[in-house]
Amino acid sequence: MLPALLLVIGLLVGLFTPRAVRPNALLITAMVSAAALLPLWGTVLIGVGACAIFVGLMADFNDLRDATAYSELATLGAIAAFSVFFNRMLHRHAHQLVQVRSVAETAQMAVLHPVPRHLGHVALESLYLAAAAEARIGGDLYEAIHTPHGVRLLIGDVRGKGLLAIQTAATLLSAFREAAHDAPDLPHLARRLETSMSRHASQYPGVPGSEISERFITALLAEIPDDEPVVRTLTCGHPPPLLLHRGEVRELQPTAPSPPLNLGMWVRDGYHVDLAPFHPGDQLLLYTDGVTETRDRSGAFYPLAERIRSWSGETPRQLLDHLHRDLIAYSGGQLDDDIAALVARRHPIR
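On a predicted model such as this, the values are computed, not experimentally measured, just so you know.

Side note on the overall build of the protein
Inference 1: When helices and strands are counted, the protein shows nine helices and eleven strands.
Inference 2: Here the protein holds 350 residues, and 44% of them are scored as buried.
Inference 3: Accessible area of the protein: about 17,400 Å², with a carbon and sulfur share of 61%.

Printed below as a string of structure tokens:
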């Protein structure tokens, strides 16, 4: 309604103000706003209407022989034509943006498969938030697979941004999906992932950011056996998971953390696995550092363990929904990093 309202105001200004006052600015604003807000036919109608109003005012003021008035009319006509052209350009760019978003969403589906809501005796939910407003995917990743050894989980964060980060994330996810079924334990799985990432990095020696020291991935592996009320975790430079048990929140700090993947030359004594109780009803929250490094306006980091305690009795989906809303509110809507989170809840074995 804005372009039409501006035309009406322009007409009233022309009729009820002194002759020297021209409504040209209002008429021009109406045409330009129509180009941005209306489809093609609306833009054409507003342009024709603006020119018609000006011609009517010329007739009302007996300016049909005034060369200056015709010059102003020609200017309005030129702006009307430009508005139509501008409208077409905006429409084309909007169409291209829709296509780009569609491709981005398809890429996300190819890299980050939807996590199954149930695997064996484990219920799962995931959350992914891209820091860029128009982004759909970044360097954060997660996966969950039911294997002969139980449910195995992966969450990771690739150093850097852009296409290289997405490519690296896709490589790690592919390696995990293949190795998770065969590796007898988490240390073997971590070594398989390390080998895959080192091989991948070595294929791009001339690409900036592809060097081993510049292209690493923090990762956390977790294993929930089907027949034991425990969870095994292996940390490769990643933030520790949170265990939610009967309203209490416990941070599962690694006793011997390993360096991030693709820095395997620093692993001296092998990979270490930590064991923690994981009973029916307990929940495990895996997350990337984008969660805990979210800041409020004063610069304070997000207190995840403190905030999550009040939602520990919720279902995995409700818990992540609370976390999502709270992160947005805490940061004032200004997320500076990608965020990924994965919640696993153990159900009773029947």
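Side note on the pattern of salt bridges
Inference 1: Applying the stated rule across the entire model yields eight salt bridges.
Inference 2: In this structure, glutamate 223 engages arginine 152 in a salt bridge whose closest nitrogen and oxygen atoms are separated by 2.7 Å. Linking glutamate 223 in strand E5 (residues 217–224) with arginine 152 in strand E4 (residues 150–158), this pair joins segments that are 71 residues apart in sequence.
Inference 3: Overall, the relative accessible area of 5% leaves glutamate 223 in the buried class.

Some details on helix H9 (residues 316–331)
Inference 1: Given a rise of 1.5 Å per residue, 16 residues ought to cover 22 Å, and the 22 Å separating the end C-alpha atoms of H9 matches this to within 8%.
Inference 2: Turning to H9, its buried residues are Pro316, Leu319, Leu320, Leu323, Asp326, Leu327, Tyr330 and Ser331. Down the axis, H9 shows its buried residues gathered within 130° of arc, on one side only. Across H9 from its buried face, at more than 90 degrees, point the exposed residues Arg325 and Ala329.
Inference 3: Check the buried side of H9 and you find it contacts strand E2 (122–129), strand E7 (242–245), strand E10 (283–287), helix H7 (289–292), helix H8 (304–308) and strand E11 (339–346).
Inference 4: Two residues or fewer after H9 comes glycine 332, characterised by a positive phi angle close to 70°.

Some thoughts on the packing of aromatic side chains
Inference 1: Per the stated rule, a full pass over the model turns up two aromatic pairs.
Inference 2: The interplanar angle of 5° and the centroid separation of 5.9 Å between the aromatic rings of phenylalanine 82 and phenylalanine 86 together place this pair among those described as stacked. With phenylalanine 82 and phenylalanine 86 both in helix H4 (residues 67–111), this residue pair falls four residues apart, about one helical turn.
Inference 3: What makes phenylalanine 82 partly exposed here is its relative accessible area of 47%.
Inference 4: Looking at phenylalanine 86, the relative accessible area reads 29%, which means it is partly exposed.
Inference 5: With centroids separated by 5.2 Å and ring planes inclined at 85°, the aromatic side chains of tyrosine 302 and tyrosine 330 adopt a geometry described as edge-to-face. Here tyrosine 302 is found in the loop between H7 and H8, whereas its partner tyrosine 330 is found in helix H9, with 28 residues between them in sequence.

Conventions adopted
Residues numbered from 1 in each chain as written. Predicted model: local features only at pLDDT ≥ 70, side-chain atom pairs only at ≥ 80, totals over all residues. Heavy atoms only, no water. Helix = DSSP H or I, 4+ residues; strand = E, 2+ residues; numbered from the N terminus. Buried < 20%, exposed > 50% of the residue type's maximum accessible area, 1.4 Å probe, protein only. Areas by Shrake-Rupley, 256 points an atom, 1.4 Å probe, with all protein chains shown as cover. Salt bridge = Lys/Arg side-chain N within 4 Å of Asp/Glu carboxyl O. Expected span 1.5 Å × (residues − 1). Arc of directions from axis to C-beta. Contact = heavy atoms within 4.5 Å. Phe/Tyr/Trp six-rings, centres within 6.5 Å; stacked < 30°, edge-to-face > 60°.

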